[in-house]
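Summary of the model geometry
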Amino acid sequence: MAAVEAQTSFVQKKVGVIGSGAIGLYFGARLLEAGHEVSFLCRRDAAALSEKGLSVSSVKGDMHFPPKSLRIFTSSDDIGNVDWVLLALKSYALEDAEKLVRPLLSPTTRILAIMNGIGIEEVLSSKFPSNPILGGMAFACINRGDPGFVIHSAYGILQIGHFGDDQAILEEVQALFSGSKVEVNLCPSYLVARWDKLCWNLPFNGVAVAMGGVTVDVIARDPDLRAQAVDVMKEVVAVANADLRHHGVAQQLDEAAVVERMFGFTDKLGPYRTSTMVDLCEKRQLEIEFLFLVPLQRAAALNVPCPALTSVVRFIRGHDRLRGALPP
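Residues numbered from 1 in each chain as written. Predicted model: local features only at pLDDT ≥ 70, side-chain atom pairs only at ≥ 80, totals over all residues. Heavy atoms only, no water.

1. Concerning the confidence of the model for the protein chain
On average, residues of the protein chain score 94 in pLDDT, and 96% of them reach the 70 mark or higher. pLDDT under 50 marks residues 2-7. Its contacts with residues more than four places away, or in other chains, come to twelve contacts. (pLDDT = per-residue confidence, 0-100. Contact = heavy atoms within 4.5 Å.)

Set out below in structure tokens:
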């Protein structure tokens, strides 16, 4: 994975952000700051953005866009064709992707899905077989504040792979983010990038929710919770490597290096709230299928035992069931 260097030329692109939560608003704002024409499809923040504008507090530099500088839409039918779709939906909303994304597409539109989980690109490719699909994995601490306000508190790397691993398509996304303050790592294998992100997501989102909603510093500091997170992480590495072999990908993840790297930056985060923990505490739907169940399904199909991850997922589903989100 190689970090992108700034390019000298700039070509403005039309970008449509579908899913204007914390991730969509942040990366959309960075592309707007870099000079692209960015349209945001909004739901709950539409009124606030139209009245007060978009504000971002960021370790990479604050941003504020007044209402008149923003293109805010409540229907994707009104946006028109774009060069790039930045898809930042929660993974449980993938079933809505076709009706939300289709109005923005031309034959040359690229779709970049900055979403959690695995199997995302396969679903999108089946819905949009004629358009290139890319996966974006954000290693960044980004949360929503008040309506129209986003807080970017740490890190900020965006790892991107192409579903099909086409280097030419990766060079196009490199050009898109050129001149922005987003550090982009281009990944030769999208599948390696997906599993690499899951090595953090599954243990920290999982244990945070299993414990009823704790921050990552609690997990990192408590010896038993840290041990549980390490066990889950090691299992994810094992499933990842089996899945990579199954798909003919030569690269393998190094268990010791992954654990050291993931805890290396987590130990510095402080009381960060993972996205699934936020959803639990705010009584919103949890991302379960693509984030937790699909990895377990792949583990079962490949005969990789995952007792620690299975236990964590049982707690997560139990929380969902007790609050009425799942049937008894």
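2. What to know about the nonpolar core
Grouped together as the largest cluster of nonpolar side chains are 82 residues, with contacts concentrated most on Ile-18, Val-85, Leu-87, Leu-124 and Trp-195. With 14 residues, the top contributor of residues to this core is helix H6 (residues 190-210). Among residues more than four places away in sequence, those in contact with Leu-124 are Leu-87, Leu-94, Ala-97, Ala-113 and Ile-133. (Core = buried A, V, L, I, M, F, W, Y, C linked by side-chain atoms within 4.5 Å. Buried < 20%, exposed > 50% of the residue type's maximum accessible area, 1.4 Å probe, protein only. Helix = DSSP H or I, 4+ residues; strand = E, 2+ residues; numbered from the N terminus.)

3. Focus: the packing of H6 against helix H12 (residues 307-322)
For the pair H6 and H12, the least separation of the axes is 8 Å and the interaxial angle reads 45°. Between H6 and H12, the interaxial angle falls into the category oblique. At the point where H6 passes H12, the crossing takes the left-handed sense. Residues Leu-202, Gly-206, Val-207, Val-209 and Ala-210 of H6 form the contact with H12, whose participating residues are Leu-309, Val-312, Phe-315, Ile-316 and His-319. The class makeup of the residues in the contact of H6 with H12 is eight nonpolar, two polar and no charged. (Axes fitted to C-alpha atoms, helices over the stretch in contact; angles between N-to-C directions. Parallel < 35°, antiparallel > 145°, perpendicular 65-115°, else oblique. Left-handed = near helix turned anticlockwise from the far one by under 90°. Nonpolar A, V, L, I, M, F, W, Y, C, P; charged D, E, K, R; others polar.)

4. Some words on the pairing of strand S3 (residues 37-41)
Across a regular strand the side chains alternate sides, sitting on one face of the sheet and then on the other. Of all five residues in S3, four are buried; the element is thus mostly enclosed. The sheet contact formed by strand S2 (residues 14-18) and S3 spans five bridges and is parallel. Residue Val-17 lies in a different strand from S3, and its bridge partner there is Phe-40. Regarding the hand of the β-α-β motif, the stretch spanning S2, helix H1 (residues 22-33) and S3 is right-handed. Note that S3 and strand S6 (residues 71-73) share three bridges and pair parallel. Its bridge partner being in S6, Leu-41 is matched across the sheet by Phe-73. (Pairing = 2+ DSSP bridges. Right-handed = clockwise from strand over helix to strand, strands pointing away.)

5. What to know about the packing of aromatic side chains
The full count for this structure, using the stated rule, is six aromatic pairs. Judged by centre distance (5.1 Å) and plane angle (80°), the ring pair of Tyr-26 and Phe-27 falls under edge-to-face. The class of Phe-27 is buried, set by a relative accessible area of 1%. A network of ring pairs unites the aromatic residues Phe-139, Tyr-155 and Phe-265 as a single cluster. Seen from the ring of Phe-139, Lys-197 lies directly overhead, with NZ or CZ sitting 5.6 Å from the centre. (Phe/Tyr/Trp six-rings, centres within 6.5 Å; stacked < 30°, edge-to-face > 60°. Lys NZ or Arg CZ within 6 Å of the ring centre and 35° of its normal.)

6. Notes on the state of the cysteines
According to the stated counting rule, one finds zero disulfides in the structure shown. The thiol of Cys-141 is not disulfide-bonded; the next cysteine sulfur, from Cys-281, is found 16 Å away. On the basis of relative accessible area, Cys-141 is assigned to the buried category, the value being 4%. We note that Cys-187 lacks a disulfide partner, and the nearest cysteine sulfur, in Cys-199, lies 13 Å from it. (Disulfide = S-S within 2.5 Å.)

7. Structural notes on the environment of Phe-27
Note on placement: Phe-27 falls in helix H1. Considering only alpha carbons, one finds Phe-27 and Ala-138, 111 residues apart in sequence, at a separation of 9.7 Å. Leave out the neighbours within four places in its chain, and Phe-27 touches Leu-86, Ile-114, Ala-138, Ile-142, Leu-158 and Val-182.

8. Examining the pairing of strand S10 (residues 149-162)
Here strand S4 (residues 54-58) runs beside S10; their pairing, made up of four bridges, is parallel. What sits directly across from Val-56, in S10, is Val-150. With eleven bridges connecting them, strand S9 (residues 133-144) and S10 associate as antiparallel partners. Of the residues in S10, the one forming a bridge with Gly-135 is Gly-161. As consecutive antiparallel partners, S9 and S10 are separated by four residues, and within that stretch Gly-148 has a phi angle of approximately 85°, a positive value. Bridge analysis of S10 against strand S11 (residues 183-187) gives five bridges, and the strand direction is parallel. When the sheet's bridge partners are listed, Gly-161 is paired in S11 with Cys-187.

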